[in-house]
Amino acid sequence: MSLRFKLLIVALSTLVLPWMGWQLVRQTESLLRQGQEQALQASAEAIVKAIDALGVAVPVEEPVFPAFAATAPVLVDGYTDDWSAWRADLQPVGPGDQARARVALAEDRAWLYVLVEVRDGTRTRVDARDRRVWTSDHVVLELERGGERSRYPLASAAPGEFDAPADPPLRELPERILGQWQEDGSSYRIEFRLPRAVLPDRLAFALYDAAAPARADPPLRRLLRYDEDAARALARLAPERMRARLATPEGWLVADSGGLVADADAAEPDDEGWFGGLIYRGMIAPALTGTRSLDGVSARLAGEEVAAAATGRPRLSWRPGERPGEVVLAAAVPRHADGRVTGVLLLEQASRALPLLANRALTGLAVASAIALAVAAGVLVSFGALLSFRIRRLRNAAEQAVGSGGRWTGPLPLADAGDELGDLARSFGKLLHEVDAYTGYLRTLASKLSHELNTPLAIVKSSLDNLDQQPLGDGARAYLARARDGAERLGTIVRAMSESHRIERAIASADAEDFDLAALVAGCAEGYRALAGPRTIRLRLPDGPVPFHGAPELIAQALDKLFDNARSFTPEGGWIELRLARERDGVVLTVANSGPLLPAALQDRLFDTLVSMRERSARGSGEAPHLGLGLYVVRLVADLHRGHAAAHDRAERDGVEFVLRLAGMPRRRLADVH
């Protein structure tokens, strides 16, 4: 894992800042909601106390038939087209949950409209004025007004208009009821209307089925009408841009006022749209679990809010509004009288300011966080890139600080820096300086040893010469010969060590000149043919002369060393190849030969001093020891000509190649010469 990638991961830790900001926005929004909830609940409770003080009538607690407020005249035709808004609120009539008859009532300024639906697949039909009506299919309507009661048999022999007389006829109630009877294969419907001038106080419906005759005497129910006085009181008491509704504990609407109008702050253009609402509901607002059915106009307020308030406990809820980005806060509070819950007040407020402010705060937080994260990531990545560049620079310098022969090429970069990398560079420099000093000691060790060994070696040789003049036996003569041979070998080693030091100084002081390198290589190759014996000499040169600036005698000496090395390992009948090629920065001189491959352990050390592959063979054959100075001289010549020497096995695995890449010696100015 790179340093820049690690710093990028560190930069990602700044994401905790927008998370904390998001939590702050949510907490702030929660506090605002709590304040709004408390204010709305306090307003609702104040309205309840005010309507009690104004003497607004308490809805009856006994079973009722609610009369819905009709916004348009209802056509009495026996069909349910005009009742679609209230079909969900039809009241069952009859015993049990599977009542076969359902009733709905609606009123306008002049009439009270009644719809009765009866499930009955059998038919025993007669007109309402027929004597047999009481034993045929019919619905008994019982009205009470001023303590007097009258019954009306609602029946018809065929679909169409019916005329139901009163029994007994009373002056306070209608003498007859005219309506419409319609039916299909499984049910029939009765629709009629009553003038508001003779509206009953209570009423009841009883179903009689001729196929299953049974008389029922249902209790009379109070007619629950829309309370205009309560509505006017709510209009005066309810705050602006809020909707207030008064209902019975069962949820039947008694009065309402106002409407859901978003606050003035949200009257600006809807720039948030559905996306803003999605952000608010998904990232900020709690679950909007309020009853969605409270949005529309309904005769019955059904929902957990009203049900909870009917038990005496106020309930608050939030739900999505009808427009994008709008939320509705509803507060349902109970109305008490004599220790009992007599009604429920539902106060609602639509708001777009709260989601809008929260969305804007979250958007601003997101933009600021994105900018801060981008800046932090950019700074850290830039710092990581700079730090990585400095570390790579120091690494490359450390790898190249030790040149050929173990010489220190110069000071390391960043040594003057005052940070940790500067300390590291100075530590590396100190270590490399120690290595360079030790390498210099090793370079002069051979000349020092040769100088120190010459005197004791001369004493040994003179002693052996004097001993040779003494009379000795044959056994002693053998030991003397072996001692003299060892002294000669030791002398050869001492001379070679001295020669290595002299070669280094001679190569370092060589003068450069311009010459044709191709002609030099060709001349050397011709001289090698006589020395190669049964081995084949191959020569590959580029076309034309190859101008070169360097020391021709040193290059020839390096070729001699490479040829001598190749001849030593090339079997009889093998081949030795010399190649010269141009390249952009200089020339490439290659000496290849067939024979054994290079030992893997020596490939990186072949050009070091006192390293030889022929050392063991020389010991076993009694030949003079080979000290490995030839390839060391080749490397010195390559270094002098700003190049390097390398050795590797051939790709065909049939021999080895020694390659010299030479750029030439630098040209000296006349001022440097004098």
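Source: prediction; values computed, not measured. (Residues numbered from 1 in each chain as written. Predicted model: local features only at pLDDT ≥ 70, side-chain atom pairs only at ≥ 80, totals over all residues. Heavy atoms only, no water.)

## Comments concerning the pattern of salt bridges
Note that side chains of opposite charge can pair when their charged atoms are close.
Right, so step 1: Throughout the structure, instances matching the rule amount to 45 salt bridges.
Right, so step 2: For Arg315, the salt bridge is made with Glu304, and the minimal N-O distance between the two is 3.8 Å. One end of the pair, Arg315, is in strand E14 (residues 315–320); the other, Glu304, is in helix H5 (residues 304–310), and eleven residues separate them in sequence.
Right, so step 3: The exposure class of Glu304 is exposed, given its relative accessible area of 57%.
Right, so step 4: Ionic pairing is found between Glu577 and Arg579, a salt bridge with its closest N-O pair at 2.2 Å.
Right, so step 5: Bridged by salt links that share partners, the residues Arg538, Arg540, Glu577, Arg579, Arg650, Glu652, Asp654 and Glu657 form one connected network. (Salt bridge = Lys/Arg side-chain N within 4 Å of Asp/Glu carboxyl O. Helix = DSSP H or I, 4+ residues; strand = E, 2+ residues; numbered from the N terminus. Buried < 20%, exposed > 50% of the residue type's maximum accessible area, 1.4 Å probe, protein only.)

## What to know about a nonpolar patch on the surface
Right, so step 1: Judged by side-chain polarity, Phe5, Leu8, Ile9 and Val381 come together as a nonpolar surface patch covering roughly 300 Å² of accessible area.
Right, so step 2: Per element, the largest residue contribution to the nonpolar patch is three residues, and it comes from helix H1 (residues 3–12).
Right, so step 3: Here Phe5 lies in helix H1.
Right, so step 4: Judged by its relative accessible area of 42%, Phe5 is partly exposed. (Patch = residues over 30% accessible without salt bridge, like charges linked within 9 Å, V, L, I, M, F, W, Y side chains within 5 Å. Areas by Shrake-Rupley, 256 points an atom, 1.4 Å probe, with all protein chains shown as cover.)

## With respect to the sheet that holds strand E21 (residues 586–594)
Right, so step 1: With mixed pairing, five strands are arranged side by side in an open sheet as E18-E20-E21-E23-E22. Because the sheet does not close on itself, it has two edges, and the strands there are strand E18 (536–540) and strand E22 (644–649). Neighbour-to-neighbour, the strand axes of the sheet open up by a mean angle of 15 degrees, direction not taken into account.
Right, so step 2: Pairing geometry for E21 and strand E23 (residues 655–662), over eight bridges, is antiparallel. What sits directly across from Thr590, in E23, is Val659.
Right, so step 3: Sitting on the sheet, helix H10 (residues 552–569) is in contact with E18, strand E20 (575–583), E21 and E23, with an inclination near 20 degrees to E21.
Right, so step 4: In the packing of helix H12 (residues 630–640) onto the sheet, the strands contacted are E22 and E23, and the crossing angle to E23 comes to about 30 degrees. (Pairing = 2+ DSSP bridges. Axes fitted to C-alpha atoms, helices over the stretch in contact; angles between N-to-C directions. Contact = heavy atoms within 4.5 Å.)

## A short note on the nonpolar core
Right, so step 1: Counting 49 residues, the largest nonpolar core has Leu517, Ile555 and Phe658 as the members making the most contacts within it.
Right, so step 2: Those elements giving two or more residues to this core turn out to be helix H8 (474–508), helix H9 (517–532), H10, E20, E21, H12, E22 and E23.
Right, so step 3: Leave out the neighbours within four places in its chain, and Leu517 touches Val546, Phe548, Ile555, Leu580 and Val587.
Right, so step 4: Ala67, Val133, Phe162 and Leu170 belong to the second-largest nonpolar core, a separate cluster that totals 34 residues. (Core = buried A, V, L, I, M, F, W, Y, C linked by side-chain atoms within 4.5 Å.)

## Considerations on the pairing of strand E15 (residues 327–337)
Within a regular strand, the side chains alternate between the two sheet faces.
Right, so step 1: Burial within E15 is extensive, with nine of its eleven residues counted as buried.
Right, so step 2: With eleven bridges joining them, E15 and strand E16 (residues 340–351) adopt antiparallel strand pairing. Pairing of Ala332 across the sheet is with Leu346, part of E16.
Right, so step 3: Linkage of E15 to E16, two consecutive antiparallel strands, is achieved through a turn of two residues, within which Asp338 is found at a positive phi near 55 degrees.

## Some thoughts on the environment of Ala350
Right, so step 1: Relative to the elements of secondary structure, Ala350 occurs in strand E16.
Right, so step 2: Sequence separation of Ala350 and Gly321 is 29 residues, and the distance between their C-alpha atoms is 7.0 Å.

## Some points on the pairing of strand E5 (residues 138–145)
Right, so step 1: The element E5 is largely enclosed, with a buried count of seven among its eight residues.
Right, so step 2: Taken together, the seven bridges between E5 and strand E10 (residues 202–208) define a ladder with antiparallel strand orientation. Directly across from Val140, in E10, lies its bridge partner Ala206.
Right, so step 3: Bridge count for E5 against strand E6 (residues 148–154) is seven bridges, and the pairing is antiparallel. Across the sheet, the residue bridging to Arg145 is Glu148, located in E6.
Right, so step 4: Between E5 and E6, which pair antiparallel and follow one another directly, the connecting turn spans two residues, one of which, Gly146, has a positive phi of 65 degrees.

## What about the packing of aromatic side chains?
Right, so step 1: Under the definition given, this model contains seven aromatic pairs.
Right, so step 2: Judged by centre distance (4.4 Å) and plane angle (10 degrees), the ring pair of Trp181 and Tyr188 falls under stacked.
Right, so step 3: Judged by its relative accessible area of 0%, Tyr188 falls in the buried class.
Right, so step 4: Plain terms: the ring middles of Tyr528 and Phe563 are 4.2 Å apart, the flat faces sit at 5 degrees to each other, and that makes the pair stacked. Here Tyr528 is found in helix H9, whereas its partner Phe563 is found in helix H10, with 35 residues between them in sequence.
Right, so step 5: Residue Tyr528 is classed as buried on the basis of its relative accessible area of 6%.
Right, so step 6: Given the relative accessible area of 4%, Phe563 is considered buried.
Right, so step 7: Taken together, the ring pairs connect Phe68, Trp83, Trp86 and Trp252 into an aromatic cluster.
Right, so step 8: Between the NZ or CZ atom of Arg193 and the centre of the ring of Trp111, over which it lies, the distance is 3.7 Å. (Phe/Tyr/Trp six-rings, centres within 6.5 Å; stacked < 30°, edge-to-face > 60°. Lys NZ or Arg CZ within 6 Å of the ring centre and 35° of its normal.)

## A few points about the packing of H9 against H10
Right, so step 1: Remark: H9 packs on H10, axes separated minimally by 11 Å, with the N-to-C direction vectors making an angle of 35 degrees. Classified by chirality, the crossing of H10 by H9 is right-handed. For the pair formed by H9 and H10, the contact residues are Leu517, Leu520, Val521, Cys524, Tyr528, Leu531 and Ala532 on the first element and Pro552, Ile555, Ala556, Leu559, Asp560, Phe563 and Arg567 on the second.
Right, so step 2: Class assignment for the residues of the contact of H9 with H10 results in twelve nonpolar, no polar and two charged. (Left-handed = near helix turned anticlockwise from the far one by under 90°. Nonpolar A, V, L, I, M, F, W, Y, C, P; charged D, E, K, R; others polar.)

## A closer look at the side chain of Asp108
Right, so step 1: Mapped onto the fold, Asp108 is located in the loop between strand E3 (101–107) and strand E4 (111–119).
Right, so step 2: With no salt bridge to any partner, buried Asp108 finds its closest opposite charge in Arg196, at an N-O distance of 6.1 Å.
Right, so step 3: Of note is the side chain of Asp108, whose polar atom sits 2.8 Å from the backbone nitrogen of Trp111. (Lys, Arg positive; Asp, Glu negative; His and termini not counted. Polar contact = N/O pair within 3.5 Å; in protein donor to acceptor, adjacent residues only side chain to side chain.)

On their own, these measurements won't tell you what the molecule is for.
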